Amino acid sequence: MTNTSGGTVRKPKSPPPEADRVVRTVCSPNCMGTCGVNAHVRNDRIIKLEPASFPDPGFERICLRGIAMATERLHHPDRISHPLIRAGERGANVWRQVSWDEAYDYILNRQQAIAERHGWRSNAWVSMTGNYAFRASTSARRMANVVGGTYFSKLGLTADSAAYMGMRAIFGVDYASNDISEVGQAKFLLSVGKNVVDTGHSEMHFLFDAMERGLKFTMVDPRFSRSAAKADEWLAPHPGTDVALALGMIHVVVSEGLIDEAYVVTHTNAPFLVREADGACLRDENGEYLVWDLAAAAPVPAGAAISPALRGSWTVSQRGEEIDCVTAFSLSWREWEAFTPQHAASICGVPPEQIASVAREYATTEPAWLWVGYGPQRYAQGHTVVRAWATLASLCGNIGKPHAGMNTNDGPLMLLLFSPTAEWVTPQGRVGHSLPGTRMVEAIASGEPYPVKSLWMSAYNFGTQSPLLKRFVREALPNLDLFVVSEQVMTDAAVYADVVLPCVSYYEDDWDVVGNIENWYVQLRRRAVPPVGESRNDVDIFGGVCDRLQLGHIWNVDPEQSCRDYLSNHTDPRIRAVDFEALKRDGVARVPVDRPYTPFRDQKFATPSGRIELYQEQFADLDEAVLKAKPQAESGQRDRFPFHLITYKHTHSTHSQHTILPMIAEVLPEPRLEIAPTDAARRNIADGDVVRVFNDRGHFVVKANVSNGVPPGTLAMPQGWWKRHFASGHPSDLGHIPESPVQTRIAETNYSVWDFMCDVEKEEQP
Ligand SMILES: Nc1nc2c(c(=O)[nH]1)N[C@H]1C(S)=C(S)[C@@H](COP(=O)(O)OP(=O)(O)OC[C@H]3O[C@@H](n4cnc5c(=O)[nH]c(N)nc54)[C@H](O)[C@@H]3O)O[C@H]1N2
Ligand SMILES: Nc1nc2c(c(=O)[nH]1)N[C@H]1C(S)=C(S)[C@@H](COP(=O)(O)OP(=O)(O)OC[C@H]3O[C@@H](n4cnc5c(=O)[nH]c(N)nc54)[C@H](O)[C@@H]3O)O[C@H]1N2
Ligand code: SF4
Ligand SMILES: [Mo]
């Protein structure tokens, strides 16, 4: 059944008499929840939203943010409805409403002049995660590819990519996670900074159900987050000290004989022989990795050894050379041996008895599900954090076992968003240029590696979500002949644009596909209401440029066809197996993966050795061959700036998208800085006082909330507030993106959003 606007109509569960149609679509702001929804529409307005039916009713969920989005943000007075060209200085927020034609002429005149002078690569695009469907999300990269421009990659800018890099280095894949709906069979869940109660609304009840059936849930989080509040046990490490905590647990499981040695020698590279001289793995003449076979009392290729030694050192003769060797495990132990629970506790602050007891519990309970959220990887050593927890899981033999595993995230969401070689993204094989987004300001400011003279930003609240706005305005913007922003609302970054183009929300867009990150369903997004004003979707906005450049025949693809083709031609066979007809009919389809979904069940790893690489030979020159706890980015500044600041994700806001909505303001009215009572007392700060938080890069002024929810030395507040919410400054101004040589070698440096130090003082009232 099809409605007048082309959306699929499903039988509503409880149709209110006023609705003139009901459209099944997907709530998909940047929340990753992807709740299927029935939008009840009357006179082209959404008057009611309810969860749509789902093959697994456990995913029939909805939250206040979703309702606020449909009812308040869609037709918000701040919505941009027409193309705008600035009529004052950049940043003055004075605009002239223009037609789409005039906006395109303005843009193309400048882009073509830049292209003539410097080549098309000097026109650049950057986009973020405001829209989580594949067509919308990949459109900026596609655009750069079609015209031969530059794409500033988004992965590092999201602050989410250290997790993938840690996983890639150790397991050879970026994503691996069990299906959350299968948590019921686990006996123990160790959640390391995965704040599911706030960040996983649609799935947290699976955890609660499992707890009722006897699952023990232990939460590791510096804050008393709502997940910590729901947990059976809470460990509170200092921010950025997870590696020390994990090493403390590793020490316990190794020294108490709780590791699965048979698993470790068979499936990890821990028994590999490593040269003492340079940290390189010892190989035979065929390039096979060598282990010490206790049966043969000789070095033997890893696959052929009968009884590989996990510990020990030997001198091996090879091609006339005497080589001192040690197993990767023994070499690592030289570093790890110091990490007794007492030593780990002196760094991470978790009591040694608790480190030991949780380690024992994790190693001896089956199945034990280890979950590592994005929080702990938002530090300069974020990839190492993931590696540390993965090492604990691997030593305990927990990889590839149902309901156990080392889980970061998985599911079709990332596969749909990051498939850079797909025909949709590189139409007719066209490929442009790419630079790391985290180095965008430096690249534009310096003209290196080549001049970038125009920037087009989409689906990115660069003002609130990135630490770069101040530097961008000061150092990069003056070098740009053109700055375009496609947006729904006038953000703190859009005000600096030369041209602002009105973009639709997901309720006004037709035909796109969204995947989830915790389960294996994909859903179809259909139009519920017509576009607000003259707004267009990103694909059509870029299409207007391509049409004028005579590239429309490459750009334009029928939307339904593009969804069908993207799935059926996807590089990942799991996505190719999705039944598009079922998806079209029901609005939701399962990616046909096995149940229980268990990454690495075959114990195959796409690493150089084909094993879990606990030892990272590739980083020997960067002092990261052996897992070690390195200091945080600004530890040296502790004397001047004694506080960490965690700008966490709040239940009632998805990044910056909800903090401006009245319905949300009722439950989350203003930013409040959480500070521990002892810290507050020392600074003469009382609850409700106005305080100034600052470091050398910036400051902001906010009210204090004296709270036991944060430990001494840590400040916390929800993220996603706009400049308008602060009397002065903005929290993002305090941040930075220190370069990580290891991450750069794997892919690109991640935005370590919480790895900086600051101070707080009472603001003198005038
Ligand atoms: N309500 C809501 N839900 C969301 C979003 C949103 O904006 N709002 N955004 C979505 C997006 S894009 C993402 S990436 C996910 C992220 O969801 P999660 O994986 O849950 O990650 P975060 O919320 O960033 O951080 C989780 C927790 O890590 C804790 N933490 C901070 N530092 C450390 C540390 O050093 N060690 C440990 N162990 N924990 C630490 C924080 O206090 C926080 O409670 O959420 C998604 N869901
Ligand atoms: N301080 C701090 N900073 C953070 C984080 C944190 O925890 N603390 N979290 C980080 C994380 S995990 C993430 S993922 C990022 C999120 O960073 P962003 O993706 O920038 O966050 P949003 O607030 O969702 O902003 C998205 C913008 O896109 C617009 N938009 C929505 N749909 C569309 C569309 O279809 N087209 C266009 N052109 N625009 C659209 C919205 O109006 C909104 O302004 O922030 C990161 N930054
Ligand atoms: S959890 Fe996320 S996807 Fe679901 S209704 Fe809330 S905002 Fe929308
Ligand atoms: Mo994110």
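Residues numbered from 1 in each chain as written. Chains lettered and ligands numbered in written order. Predicted model: local features only at pLDDT ≥ 70, side-chain atom pairs only at ≥ 80, totals over all residues. Heavy atoms only, no water.

To continue, consider the site of ligand 2. Neighbouring residues of ligand 2: 29 residues in total, closest Thr129, Glu487, Asp538, Ser656 and Gln657. A distance of 3.4 Å separates an oxygen atom of ligand 2 from a polar atom in the backbone of Gly130. When ligand 2 is considered free in solution it has 920 Å² of accessible area, and contact with the protein chains removes 97% of it. Broken down by class, the residue content of the shell around ligand 2 amounts to 7 nonpolar, 16 polar and 6 charged. Two domains each provide a minimum of three residues to the shell around ligand 2, namely domain 1 (84–158 + 433–506 + 531–577) and domain 3 (635–762). (Near = heavy atom within 4 Å. Polar contact = N/O pair within 3.5 Å; in protein donor to acceptor, adjacent residues only side chain to side chain. Areas by Shrake-Rupley, 256 points an atom, 1.4 Å probe, with all protein chains shown as cover. Nonpolar A, V, L, I, M, F, W, Y, C, P; charged D, E, K, R; others polar. Domains from an automatic or database assignment.)

Close approach of charged atoms allows side chains with opposite charge to pair. Throughout the structure, instances matching the rule amount to 45 salt bridges. Among the ionic pairs, Arg275 bridges to Asp278, the shortest N-O distance being 3.4 Å. For Arg275, a relative accessible area of 22% puts it in the partly exposed group. In this structure Asp278 comes out as partly exposed when scored by relative accessible area, which is 44%. Ionic pairing is found between Asp572 and Arg574, a salt bridge with its closest N-O pair at 2.9 Å. According to the relative accessible area criterion, Asp572 is buried, its value standing at 13%. (Salt bridge = Lys/Arg side-chain N within 4 Å of Asp/Glu carboxyl O. Buried < 20%, exposed > 50% of the residue type's maximum accessible area, 1.4 Å probe, protein only.)

We now examine the domain arrangement of the protein chain. The domain boundaries assigned to the protein chain delineate domain 1 (84–158 + 433–506 + 531–577), domain 2 (178–407) and domain 3 (635–762). Summarising the inter-unit geometry, the C-alpha centres of domain 1 and domain 3 are found 29 Å apart. Listed per partner, the contact involves 22 residues of domain 1 and 22 residues of domain 3. Summing both sides of the interface, domain 1 and domain 3 together bury roughly 1,700 Å²; the carbon and sulfur share of this comes to 47%. At the junction of domain 1 and domain 3, the tally comes to 1 salt bridge. (Contact = heavy atoms within 4.5 Å. Buried area = accessible area lost by both parts, 1.4 Å probe.)

Below, the discussion takes up the environment of Ala136. For Ala136, the position within the fold is in helix α3 (residues 134–147). Ala136 sits in the buried class, given a relative accessible area of 9%. Separated by 42 residues in the primary sequence, Ala136 and Val94 place their C-alpha atoms 28 Å from one another. With residues up to four places along the chain from it excluded, the contact list for Ala136 reads Asn131, Asp512 and Asp538. (Helix = DSSP H or I, 4+ residues; strand = E, 2+ residues; numbered from the N terminus.)

Those residues of helix α6 (residues 204–212) that sit buried are Met204, His205, Phe206, Leu207, Ala210 and Met211. Buried residues in α6 make contact with β8 (188–192), α5 (196–199), β9 (216–220) and α7 (226–230). Two residues or fewer after α6 comes Gly214, characterised by a positive phi angle close to 115°.

What follows covers the sheet that holds strand β14 (residues 313–318). Strand order across the open sheet formed by 3 strands is β11-β15-β14, with antiparallel pairing between neighbours. Because the sheet does not close on itself, it has two edges, and the strands there are β11 (273–275) and β14. Taking each pair of neighbouring strands and ignoring which way they run, the sheet shows an average axis angle of 45°. Relative to strand β15 (residues 321–327), β14 runs antiparallel, the two being bridged by 6 bridges. Residue pairing in the sheet places Trp314 in a bridge with Cys325 of β15. This element, helix α10 (residues 328–336), spans β11 and β15 of the sheet and lies at about 65° to β15. (Pairing = 2+ DSSP bridges. Axes fitted to C-alpha atoms, helices over the stretch in contact; angles between N-to-C directions.)

The next point concerns the side chain of Ser153. Here Ser153 is to be found in strand β7 (residues 150–153). Once you skip the residues sitting within four places of it in the chain, Ser153 turns out to touch Ser434, Leu435, Pro436, Gly437 and Glu748.

Right, let's talk about the packing of aromatic side chains for a bit. Under the counting rule described, the total for this entry stands at 28 aromatic pairs. Look at Phe134 and Tyr566: their rings are 3.8 Å apart centre to centre, the planes differ by 5°, and that puts the pair in the stacked class. Here Phe134 is found in helix α3, whereas its partner Tyr566 is found in helix α20 (residues 559–568), with 432 residues between them in sequence. This pair shows no difference in class: Phe134 is buried, exactly as Tyr566 is. Relative to Phe472, the ring of Phe462 has its centre 5.3 Å away and its plane inclined at 85°; by these criteria the two rings are edge-to-face. Here Phe462 is found in helix α16 (residues 462–465), whereas its partner Phe472 is found in helix α17 (residues 469–476), with 10 residues between them in sequence. Since its relative accessible area comes to 0%, Phe462 is described here as buried. The exposure class of Phe472 is buried, given its relative accessible area of 0%. (Phe/Tyr/Trp six-rings, centres within 6.5 Å; stacked < 30°, edge-to-face > 60°.)

Averaged over all residues, the pLDDT of the protein chain is 95; the fraction at 70 or higher stands at 98%. Across residues 1–7 the pLDDT falls below 50, and counting only partners more than four positions away or on other chains, this stretch makes 17 contacts in the model. (pLDDT = per-residue confidence, 0-100.)

Okay, helix α4 (residues 161–171) next. When you tally the buried positions in α4, you get 10 out of 11 residues, the bulk of the element. All of the buried residues in α4 are Ser161, Ala162, Ala163, Tyr164, Met165, Gly166, Met167, Ala169, Ile170 and Phe171. Elements in contact with the buried residues of α4: α13 (382–395), β17 (406–407), α14 (412–417) and α25 (741–746). Just beyond α4, the residue with positive phi is Gly172, at close to 85°.

In this structure, Phe171, Trp389 and Met406 are the most contacted members of the largest nonpolar core, which totals 83 residues. Residue contributions to this core peak at 10 residues, all from helix α8 (residues 242–255). Apart from the residues lying within four places of it in its own chain, the contact partners of Phe171 are Ala390, Ser394, Ile399, Met406, Phe600, Phe605, Ala606, Thr607 and Ile612. Formed by 52 residues, the second largest nonpolar core is a distinct cluster that contains Ile85, Tyr104, Val425 and Leu551. (Core = buried A, V, L, I, M, F, W, Y, C linked by side-chain atoms within 4.5 Å.)

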